[in-house]
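Survey of secondary and tertiary structure
Chain by chain, the residues run as shown.
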Amino acid sequence: MDGSRFSLYHLQNRAYKVFNKETKQDRHSSKKLLDRAFPAVSYSENKHVNVKGNKSPFDGDLTYWSERNSKLYDGETSKVLKRQNHTCGHCGLKFTSEERVHLHHIDGNHNNWKTKNLIVIHQSCHQYVHMSKNAS
Ligand SMILES: [Zn+2]
Ligand SMILES: [Zn+2]
């Protein structure tokens, strides 16, 4: 049981009676006086505020991080990031702040900047794509 809340209840109850006795107000207005004397702050509200502001890439809010991430990249990379909905064109996973985003030219021609020829992929995926290309 919550001891402090229990005693606060009694304190309020006593104050309620005192307000009722000493002033000649009706029940409604003395309740108003009480609310001013004891501003209600619940424990659950306090907890909620404490959790906020501790956003990390590990709390499952990957979209928040990948959208924030896309602001770090400019021009074509951020455009392709938006087009791919912030997912890797190779493995299909969302980008996180953990890994750099690479712009990959599908045909290998770095002068070909057509939209069709550009995808954004993870750094590690990029390495994998080029390794497997060299192998074949
Ligand atoms: Zn990937
Ligand atoms: Zn590439």
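**Looking at the side chain of Thr77**
In this structure, Thr77 sits in helix 5 (residues 75–83). Among all residues touching Thr77, those that are not within four sequence positions of it are Val101, Leu103 and Val120.

**Overview of the coordination of the zinc ion (ligand 2)**
Only His104 (ND1), His126 (NE2) and His130 (NE2) from the protein reach the zinc ion (ligand 2) as donors, at distances of 2.0 to 2.1 Å. Sequence spacing among the residues donating to the zinc ion (ligand 2) works out to H-x21-H-x3-H. On the criterion of helical spacing, the pair formed by His126 and His130 is a turn pair, its members being 4 residues apart in helix 6 (residues 123–135).

**Description of the coordination of the zinc ion (ligand 1)**
At this site the zinc ion (ligand 1) is bound by Cys88 (SG), Cys91 (SG), His122 (ND1) and Cys125 (SG), with donor distances of 2.0 to 2.4 Å. Taken together, the 4 donor atoms coordinating the zinc ion (ligand 1) and their angles of 103 to 120 degrees define a geometry best described as tetrahedral. Read in sequence order, the donor residues for the zinc ion (ligand 1) give the motif C-x2-C-x30-H-x2-C. With Cys88 in the loop between helix 5 and strand 1 (101–105) and Cys125 in helix 6, the pair connects residues that are 37 residues apart, well separated along the chain. Each member of the pair, Cys88 as well as Cys125, carries the same accessibility label: buried.

**As for unusual backbone geometry**
One non-glycine residue with positive phi stands out, namely Asn85, at about 60 degrees. Take Asn85: it is sitting in the loop between helix 5 and strand 1. Its identity is not glycine, yet His86 carries a phi of approximately 60 degrees, on the positive side. Locating His86 in the fold gives a position in the loop between helix 5 and strand 1.

**Details of the pairing of strand 1**
Taking burial as the measure, the 5 residues of strand 1 include 4 buried ones, the bulk of the element. When strand 1 meets strand 2 (residues 118–122), the two strands line up antiparallel, connected through 5 bridges. Bridging across to strand 2, Leu103 finds its partner in Val120.

**What about the side chain of His104?**
With respect to the helices, strands and loops of the structure, His104 is situated in strand 1. At 3.2 Å, the side chain of His104 forms a polar contact with the side chain of His130.

**Remarks on helix 6**
Compared with an ideal rise of 1.5 Å per residue, which puts 13 residues at 18 Å, helix 6 spans 19 Å between its outermost C-alpha atoms and is within 8% of the ideal. Those residues of helix 6 that fall on the buried side of the exposure criterion are Cys125, His126 and Val129. Down the axis, helix 6 shows its buried residues gathered within 105 degrees of arc, on one side only. Along helix 6, exposed side chains directed more than 90 degrees from the buried face belong to Gln127, Met131, Asn134 and Ala135. Of the surrounding elements, those touching the buried residues of helix 6 are strand 1 and strand 2.

Definitions and cut-offs
Residues numbered from 1 in each chain as written. Chains lettered and ligands numbered in written order. Predicted model: local features only at pLDDT ≥ 70, side-chain atom pairs only at ≥ 80, totals over all residues. Heavy atoms only, no water. Helix = DSSP H or I, 4+ residues; strand = E, 2+ residues; numbered from the N terminus. Contact = heavy atoms within 4.5 Å. Donors = N, O, S within 2.8 Å, 3.2 Å for Na, K, Ca; no water. Tetrahedral: all angles 85-135°; square planar, octahedral: opposite > 155°, others 65-115°. Buried < 20%, exposed > 50% of the residue type's maximum accessible area, 1.4 Å probe, protein only. Pairing = 2+ DSSP bridges. Polar contact = N/O pair within 3.5 Å; in protein donor to acceptor, adjacent residues only side chain to side chain. Expected span 1.5 Å × (residues − 1). Arc of directions from axis to C-beta.

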